[in-house]
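# Architecture and fold: a report
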Amino acid sequence: MIDLKLLKDDPDVVRQALLDRHENIDLDKMIKLDKQRRSIITEIQELKHQRNALSEKVGKLKREGKEPQELMKQAKELAERVKELDKTQKEVDDKFFEAVKWIPNIPHGSVPVGQGSDDNGFIRGLKKPPDFDFDVLTHWEIAEALDILDFKRAAKVSGSRFILYKGIGAKLERALINFFLDLHTVQHGYTEIMPPVLNPTDCLYGTGQLPKLESDMYKCRDDGFYLCPTAEVPLTNMHRDEIIPEKQLPLYYAAYTPCFRREAGSYGKDVRGIKRVHQFNKVELVKYTVPAHGYEEFEKLLADAEQAVKLLGLPYRIMLLCTGDMTFAAAKTYDIEIYAAGMKEWLEVSSVSIYDQYQARRANIRYRSTKGKVDYVCTMNGSGLATPRVFIALLENNQTKDGRISIPQVLQSYMDGKEYVE
RNA sequence: GGAGAGGUGUCCGAGUGGCCGAAGGAGCACGAUUGGAAAUCGUGUGUCUGCUGAGAAGUGGAUCGUGGGUUCAAAUCCCACCCUCUCCGCCA
């Protein structure tokens, strides 16, 4: 949620943010509702004040053994009016907050204004894809040849866009997960969490997937749970409705979870292979910090994710997303993309986002400063990394002329010391 | 699914209709003490929010799991729901 003071005192900032993000939201209606709401509140509070004062008098007189009938009658009349107004206020309030939920975060000043991926900025990494001196295959061709992914049977047990890893393929997937977790917990100081992956509505609202991405998630009909679309959800909601002592900050969490996405609206796209699937594995990094250190920690988080790609020796680049390409709740986002030689595309393997206090406001996550002041924390997260695309890149970039895949050195200890998938 | 117990501030915990935003303790902050620290002593200390104010602040309102109800007045009484714990059943 945005800071409501902005709406009242500086609505143009919000208006500009909406423009930059190409969000079509009727801000004037909200401002009007807010004004209406405030005036009702003022009125109600005045009445309640009177009522409370009367009640107090009644109490005092009764204790003195008197029966203040007249006062009680007055108070009753007041109380009835208050009750009615309370109802009106609730209606206006509900309308207002329902509308405010749809206001996205304000982009950070360093974010380029733009429409879509063409307007994203290049930060660092490879400018051009690497060359190969032989005809490269796509990952689905290699995987079938090596019998490490079984597309037909994946479709049989679940449908299209599901992955069935087999044999050394399954082991490679497990190696990636373990490598990422070990890297971030041992080298980068994150605390490992293994959270539940069925999460209730409140959690998805807290991190900002709801209300906007409702149709992109799987929902359990009878229990109302959503299948976790990213570990960001449980990791960020862990501290919902808490006030964290400042000296405990920053908090660093890393978690492996499967992630579930309906990928609604992408039907004809990327149907071959495992680039876009309904269930995938991801190691997610989440940090909670004091707002003043947010952007410094954010750059470190990016570097932590980048390190994983570097150690795997994959060709990558880091892009800064423009206003039009960022998700709803983010104030700034970097994408790490690796090049897949077979598909001849850059694939996003990590999206590193900072939310300022937007998520914290929604999820009510606060901290108490050493001086005793309470304020919302700053949250951020990034994939470190999502496996299917790393898997693609390993197959497509590490393929050899003779049809094998060389295993990066950092993974070999997780693969019984093997140097090749063959 | 059945039976019982419980949900109060940062935490523990008292509180069964008005003098309760809430005893007591811990924690935290500040001060004293100390060469420094621990211990000790003193003082302060919930959160959200309306209005006025440049601000310091002032003055209201709300808040004791959530939502309703009774009452002039609710942490306290009534109803529904949610969550946690214990026991039983069921499943793994």
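Let me sum up the structure you'll find in this document.

Calculation notes
Residues numbered from 1 in each chain as written. Chains lettered and ligands numbered in written order. Predicted model: local features only at pLDDT ≥ 70, side-chain atom pairs only at ≥ 80, totals over all residues. Heavy atoms only, no water. Buried < 20%, exposed > 50% of the residue type's maximum accessible area, 1.4 Å probe, protein only. Helix = DSSP H or I, 4+ residues; strand = E, 2+ residues; numbered from the N terminus. Pairing = 2+ DSSP bridges. Core = buried A, V, L, I, M, F, W, Y, C linked by side-chain atoms within 4.5 Å. Contact = heavy atoms within 4.5 Å. Axes fitted to C-alpha atoms, helices over the stretch in contact; angles between N-to-C directions. Near = heavy atom within 4 Å. Polar contact = N/O pair within 3.5 Å; in protein donor to acceptor, adjacent residues only side chain to side chain. Nonpolar A, V, L, I, M, F, W, Y, C, P; charged D, E, K, R; others polar. 1 Å grid on protein atoms, 1.4 Å probe; cavity = no way out; pocket = protein on both sides within 12 Å on 5 of 7 lines; lining within 4 Å. Points joined across faces, edges and corners; volume = space filled by probe spheres on them. Salt bridge = Lys/Arg side-chain N within 4 Å of Asp/Glu carboxyl O. Phe/Tyr/Trp six-rings, centres within 6.5 Å; stacked < 30°, edge-to-face > 60°.

Here we come to the pairing of strand β11 (residues 365–368). On a regular strand, one side chain projects to one face of the sheet and the next to the other, so that they alternate. With burial as the criterion, only one face of β11 is covered, namely that bearing Ile365 and Tyr367; the residues Arg366 and Arg368 on the opposite face remain uncovered. Relative to β11, strand β5 (residues 242–245) runs parallel, the two sharing four bridges. Each residue of the ladder has a partner; that of Ile244, found in β11, is Tyr367. Pairing geometry for β11 and strand β12 (residues 374–376), over three bridges, is antiparallel. Residue Arg366 lies in a different strand from β12, and its bridge partner there is Tyr376. If you look at the hairpin formed by β11 and β12, you'll find five residues sitting between the two strands, and Gly372 has a positive phi there, around 95°.

Moving on to the nonpolar core. Among the nonpolar cores identified, the biggest contains 59 residues, and Phe180, Val390, Phe391 and Leu411 are the most heavily contacted of them. A per-element tally of this core places helix α7 (residues 168–187) first, with eight residues. Setting aside chain neighbours within four positions, we find Val390 in contact with Leu176, Phe180, Leu312, Leu314, Ile338, Val349 and Leu385. Grouped together as the second largest cluster of nonpolar side chains are 36 residues, Val14, Met30, Leu78 and Val82 included.

Spatial strand order, β1-β8-β9-β10-β13-β7-β6-β2: eight strands in an open sheet with mixed pairing. Of all strands in the sheet, those with a lone pairing partner are β1 (121–125) and β2 (191–193), marking the two edges. Averaged over all pairs of adjacent strands, the angle between strand axes in this sheet comes to 25°, irrespective of strand direction. For strand β6 (residues 251–260) and strand β7 (residues 279–289), the ladder comprises 10 bridges, and the chain directions are antiparallel. Across the sheet, the residue bridging to Leu251 is Tyr288, located in β7. Those strands touched by α7 are β2, β6, β7 and β13 (378–386), and its axis lies near 5° from that of β7.

Before going further, it helps to spend a moment on the protein's contact with RNA strand B. Around RNA strand B, 26 residues are found, and the nearest of them are Arg38, Gln45, Ser55, Arg63 and Arg366. Here Ser55 contributes a backbone N or O atom positioned 2.9 Å from a base nitrogen of RNA strand B. For the surface near RNA strand B, the secondary-structure elements that each account for two or more residues are α3 (27–63), α4 (69–100) and β11. Of the residues forming the surface near RNA strand B, the biggest block, 13 residues, is contributed by α3. Here the residues of the surface near RNA strand B are counted per class, giving seven nonpolar, seven polar and 12 charged.

Here we take up the layout of surface pockets. If you add up the space inside the second largest pocket, you get close to 190 Å³. Listed by contribution, the elements that provide at least two residues to the lining of the second largest pocket are α5 (139–146) and α6 (151–157). The residue makeup of the lining of the second largest pocket, split by class, is six nonpolar, three polar and three charged.

Per the stated rule, a full pass over the model turns up 25 salt bridges. Lys282 is paired through a salt bridge with Glu284; the nearest N and O atoms lie 2.7 Å apart. Among the residues examined, Lys282 registers a relative accessible area of 4% and is labelled buried. Among the ionic pairs, Arg317 bridges to Glu337, the shortest N-O distance being 2.7 Å. Residue Arg317 is found in strand β8 (residues 316–320), and its partner Glu337 is found in strand β9 (residues 332–340); the two are separated by 20 residues along the sequence. Side by side, Arg317 and Glu337 carry an identical accessibility label, which is buried. A network of salt bridges, in which partner residues are shared, links Asp34, Arg37, Arg38 and Asp93.

As for its placement among the helices and strands, Thr379 is situated in strand β13. When its relative accessible area of 1% is taken as the criterion, Thr379 is described as buried. Reaching out from Thr379, the side chain makes a polar contact with the side chain of Gln359 at a distance of 2.6 Å.

Right, let's talk about the environment of Ile338 for a bit. On the secondary structure map, Ile338 appears in strand β9. Apart from the residues within four sequence positions on either side, Ile338 is in contact with Val309, Leu314, Pro315, Tyr316, Glu345, Trp346, Leu347, Val349, Arg389, Val390 and Ala393.

Let's shift gears to the packing of aromatic side chains. Counting across every chain of the model gives 10 aromatic pairs. Seen from their ring centres, Phe96 and Phe97 are 5.1 Å apart, and the 75° between their planes marks the pair as edge-to-face. For Phe96, a relative accessible area of 0% translates into the label buried. Ring geometry for Phe132 versus Phe134: centroids 5.8 Å apart, planes at 85°, classification edge-to-face.

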